[in-house]
Amino acid sequence: MKKHGSWRPIAFASLGLVWLAFAFSSCGDSTADLPPGEITVSEGFFEGGTSGGGSIALKVGSIEKVFIRCGGEEIVSPDLDEPIGSDGSFFLQFSGGSRSVTLEGRFTSDSSVSGTLASAPTATSCDGSFGAERCASCTDNDGNGVPDDIETEPTPTPSLPTPTPTPSLPTPTPTTTTSTTTSSTTTTSTSSTTTTTGGGGGVPDLSGEYDVNSFRLDVTSCANPASNGNFSCSDFCSDFVSIEQAGEDFAVEFSLIDDETLDVDVAFEGTMSGQVGAGGEVSGTFSGVLFIDDEAVANVSGTFTGNLNGDVLSVSFSGSDSISGCSASGSFEGER
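These numbers come from a predicted model, not from an experiment.

**Regarding the overall build of the protein**
A tally of regular secondary structure across the protein gives two helices and 19 strands. Every one of the 336 residues in the protein was classed for burial, and the buried ones make up 45%. Taking the contacts inside the protein whose residues are at least 6 apart along the sequence as the reference set, 54% of them involve residues at least 24 apart. Approximately 16300 Å² of the protein is accessible, and the part contributed by carbon and sulfur atoms is 50%.

The structure is reproduced here in structure tokens:
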């Protein structure tokens, strides 16, 4: 199976994704293109996502505070006063929790920033690209420099259940009379439910890697009606879709791209988690970041449903962009 560059959690693209990138960026701000001359960044908060499916927030005037959530960790910088260059660029290093972080990026306008982050010890979920947009509605009621909404811990994905053994029936007590002693014994089998890798327990096995050759996306409800639209891909639509499963619970890493028909690298990267039923029906949640030439332009999350028929997995999804508010829905079909 073809691999596109370094390992990415999830990605998709086609010629229509170029339109999508501008659609998302235009929903909230018409200054997403790099303006000429100096960049002046006013005080406030920026929120966005990382290529590992995490979230990031910055408090600016200078770079005053950085908050990163990745791989179940929260990394919070101390109070900072790192300068922003006249061209919008910045570079900083800090220690937060058990990690040292290097953050490098550039404000392309007073409303948009993107760049790269690296941590030590290295962790795939905490390293890579990031993108964020100005959050005019963000509040900081506790005054710690982190926006209240992103500081709230999201509902965790439940861990796989611990199997409970079926208890044995008690050993019967022998029955005795004055004249004859009769001992009656019942033999009882003991069974236990065991969670195994892959399918099992009456559910099909989804695990493996899939090629996606059919994809559709519809964008609606944008504040700017001109940003609404749709596109489809019916050729080479995936780099990989990889599924790991334990019992009825499964997790997905997917990379849906089209780097053969475009001069730029367009990708949607993220994760899915959910459950599969006995009939092959699937459902759960997803989140991901849309990139154009490794620059994050949208952070999309929502829910999905679908079905596994033999080696063919069909999925329908719907969600919204946390930056622009546009709604996104669509479907894809992959074959193992």
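Having put the structure on the table, let's press on.
**Description of the state of the cysteines**
What the rule picks out here adds up to two disulfides. Residue Cys70 pairs covalently with Cys126 via a disulfide, S to S 2.1 Å. Disulfide Cys70-Cys126: torsion about the S-S bond near 90°, hence right-handed. Of this pair, Cys70 sits in strand β3 (residues 63-70) while Cys126 sits in the loop between β7 (112-120) and β8 (128-134), and the two are 56 residues apart along the sequence. This pair shows no difference in class: Cys70 is buried, exactly as Cys126 is. Paired by a disulfide, Cys135 and Cys138 hold their sulfur atoms 2.1 Å apart. Negative torsions about the S-S bond denote left-handed disulfides, and the value of about 95° found for Cys135 with Cys138 makes this one right-handed. You'll find Cys135 and Cys138 in the same group, each marked buried.

**Some details on the environment of Val101**
Its place among the elements puts Val101 in strand β6 (residues 99-109). C-alpha of Val101 to C-alpha of Ser77: the two residues are 24 residues apart in sequence and 8.8 Å apart in space.

**So, the pairing of strand β4 (residues 73-76)**
Bridge count for β3 against β4 is four bridges, and the pairing is antiparallel. Among the inter-strand pairings, Cys70 is bridged to a residue of β4, identified as Glu73. The hairpin turn running from β3 into β4, its antiparallel successor, is two residues long, and Gly71 in that turn takes a positive phi close to 55°.

**Section: the side chain of Ser242**
With respect to the helices, strands and loops of the structure, Ser242 is situated in strand β13 (residues 240-246). Residue Ser242 is classed as buried on the basis of its relative accessible area of 14%. Those residues in contact with Ser242 that sit more than four places away from it in its chain are Gly208, Glu209, Ala251, Val252 and Glu253.

**Some remarks on the sheet that holds β8**
Taken together, eight strands build an open sheet; the order of strands is β4-β3-β2-β1-β8-β7-β6-β5 and the sheet is antiparallel. Of all strands in the sheet, those with a lone pairing partner are β4 and β5 (89-96), marking the two edges. Neighbour to neighbour, the strand axes of the sheet diverge by 20° on average, direction disregarded.

**Describing the pattern of salt bridges**
This structure, assessed with the given rule, holds six salt bridges. Notably, a salt bridge pairs Arg69 with Glu74, separated by 2.7 Å at the nearest N-O pair. With relative accessibility at 11%, the residue Arg69 sits in the buried group. Judged by relative accessible area, which is 37%, Glu74 ranks as partly exposed. With a shortest N-O distance of 3.0 Å, Arg99 and Glu73 are connected by a salt bridge. Residue Arg99 is found in strand β6, and its partner Glu73 is found in strand β4; the two are separated by 26 residues along the sequence. Given the relative accessible area of 10%, Arg99 is considered buried.

**A short note on the nonpolar core**
Ranked by internal contacts, the top residues of the largest apolar core, which has 32 residues, are Leu206, Phe215, Val241, Ile243, Phe250, Met272 and Phe304. When residues of this core are assigned to their parent elements, the largest contribution, five residues, is made by strand β11 (residues 208-220). In this structure, Val41, Ile75, Phe107 and Cys126 belong to the second largest nonpolar core, which totals 24 residues.

**What to know about the environment of Val289**
With respect to the helices, strands and loops of the structure, Val289 is situated in strand β16 (residues 281-292). Considering only alpha carbons, one finds Val289 and Ser129, 160 residues apart in sequence, at a separation of 9.8 Å. Residues in contact with Val289, not counting those within four places in the same chain, are Gly49, Thr50, Ala267, Phe268, Glu269, Ala296, Ala298 and Asn299.

**Brief notes about the confidence of the model for the protein**
Model confidence for the protein is summarised by a mean pLDDT of 75, while 67% of its residues fall at 70 or above. Confidence over residues 154-163 falls short of pLDDT 50; this stretch has nine contacts with residues more than four positions distant or in other chains. Counting contacts from residues 179-196, a segment whose pLDDT is below 50, to residues more than four positions away or on other chains yields 24 contacts.

**Points about the packing of aromatic side chains**
Across all of its chains, the model carries five aromatic pairs by this definition. Ring geometry for Phe46 versus Phe107: centroids 5.2 Å apart, planes at 75°, classification edge-to-face. Residue Phe46 is located in strand β1 (residues 44-50), and its partner Phe107 is located in strand β6; the two are separated by 61 residues in the primary sequence. Their ring planes at 75° and their centres at 5.7 Å tell us that Phe286 and Phe317 sit as a pair that is edge-to-face. Taken together, the positions of Phe286 in strand β16 and Phe317 in strand β18 (residues 312-321) put the pair 31 residues apart, joining distant regions of the chain. With respect to class, Phe286 is no different from Phe317; both count as buried. Joined through ring pairs, the aromatic side chains of Phe46, Phe90 and Phe107 make up one cluster.

Cut-offs used in this document
Residues numbered from 1 in each chain as written. Predicted model: local features only at pLDDT ≥ 70, side-chain atom pairs only at ≥ 80, totals over all residues. Heavy atoms only, no water. Helix = DSSP H or I, 4+ residues; strand = E, 2+ residues; numbered from the N terminus. Buried < 20%, exposed > 50% of the residue type's maximum accessible area, 1.4 Å probe, protein only. Contact = heavy atoms within 4.5 Å. Areas by Shrake-Rupley, 256 points an atom, 1.4 Å probe, with all protein chains shown as cover. Disulfide = S-S within 2.5 Å. Pairing = 2+ DSSP bridges. Axes fitted to C-alpha atoms, helices over the stretch in contact; angles between N-to-C directions. Salt bridge = Lys/Arg side-chain N within 4 Å of Asp/Glu carboxyl O. Core = buried A, V, L, I, M, F, W, Y, C linked by side-chain atoms within 4.5 Å. pLDDT = per-residue confidence, 0-100. Phe/Tyr/Trp six-rings, centres within 6.5 Å; stacked < 30°, edge-to-face > 60°.

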